[in-house]
Amino acid sequence: SAPGLRTPRGTSGLNENYARELLELHTLGVDAGYTQHDIVEVARAFTGWTIRQPRAGGDAYFAPRRHDPGVKQVLGQRITEGGRGDGERVLDILARHPATERHLARKLAVRFVSDAPPDALVARVAARFTETGGDLRATVEALVRSPEFLAPEHRRTKVKTPIEFVASTLRVLDADVRQAGMLGQELRTLGMPPYFAAPPTGYSDRADAWTNAGALVQRMNLAVAITHGRLRGVAPPRLPNVPTEAPDARARAIAEALLLRAPSAATLATVARAKTDADMAALVLGSPEFQRR
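These figures come from a predicted structure and were not determined experimentally. (Residues numbered from 1 in each chain as written. Predicted model: local features only at pLDDT ≥ 70, side-chain atom pairs only at ≥ 80, totals over all residues. Heavy atoms only, no water.)

1. Some thoughts on the packing of helix 9 (residues 213-227) against helix 12 (residues 277-285)
Here comes step 1: It is the contact of helix 9 with helix 12, at a shortest axis distance of 8 Å, that shows an interaxial angle of 145 degrees. As for how helix 9 packs across helix 12, the hand of that crossing is right-handed. For the pair helix 9 and helix 12, contact is made by Met220, Ala223, Val224 and Thr227 and by Ala278, Ala281, Ala282, Leu283 and Leu285, respectively.
Here comes step 2: Residues belonging to the contact of helix 9 with helix 12 are distributed by class as follows: eight nonpolar, one polar and no charged. (Axes fitted to C-alpha atoms, helices over the stretch in contact; angles between N-to-C directions. Helix = DSSP H or I, 4+ residues; strand = E, 2+ residues; numbered from the N terminus. Left-handed = near helix turned anticlockwise from the far one by under 90°. Contact = heavy atoms within 4.5 Å. Nonpolar A, V, L, I, M, F, W, Y, C, P; charged D, E, K, R; others polar.)

So this is what it looks like as structure tokens:
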């Protein structure tokens, strides 16, 4: 919320933090050209918007006595609605701004297509957002129906986040999770404990946040612990049943069962050198192919 704050002298001040986050992160984007004056005016518009007993998870409500009743001007538009209407008018202005369309379209494209999505895709998704008055269902539909979404050059270019890696590992192994406490600790080690993202942007969708050497080693260590039944709270998994003793054939069968596709020659050669099925499975789960979704 952005209510007035008490300064050391007891006078009411402004909390610009949420106003800045609203403009930079959730609507226009950092390069949209808004000014410090716009930030201050947005903060003024949201004075009085607060939460009842926030530490207890209370409801949001509007406190009229804490609201700045003066006229505001945001992005060149005068706001005279008064009361709660000031903040609602700001949201309307931001939701209809072309920069918001582009910002949200690019975030969706980065999440679902590529870390560097084509400009044409972003423009098409942004246009759909505008045409439908901000209908997010229609906007996402435009993305998934686009030719870029299933284009070969974008297939499996996205790297799994730690939670996606953990979930997909458990899923392909059909693992029986009896207690999730250790998995939560492993996610913390991997840098993605649930609900603990420090920045207001949340966890990154981009590969460069998750693909340093140390992080990949930690993923391999977790894969070894799970495939060998050493992770407390997770029952030893049922590894793929392979009716052959030939190392190359076993490696290929295990890799195809866990990857759901043929492995690369380099991955197959690495997996085939393992001595046990559990080691083979761990190497598949740590392979470059398995890191991509």
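From this point, the narrative continues.
2. Looking at the side chain of Thr169
Here comes step 1: Its location among the elements puts Thr169 in helix 7 (residues 162-172).
Here comes step 2: A distance of 2.8 Å separates the side chain of Thr169 from the backbone oxygen of Phe165, its partner in a polar contact.
Here comes step 3: The residues touching Thr169, leaving out its near neighbours within four places in the chain, are Ile226, Leu285 and Phe290. (Polar contact = N/O pair within 3.5 Å; in protein donor to acceptor, adjacent residues only side chain to side chain.)

3. Section: the environment of Arg124
Here comes step 1: Residue placement: Arg124 occurs in helix 5 (residues 119-131).
Here comes step 2: Once you skip the residues sitting within four places of it in the chain, Arg124 turns out to touch Ser146, Pro147 and Glu148.

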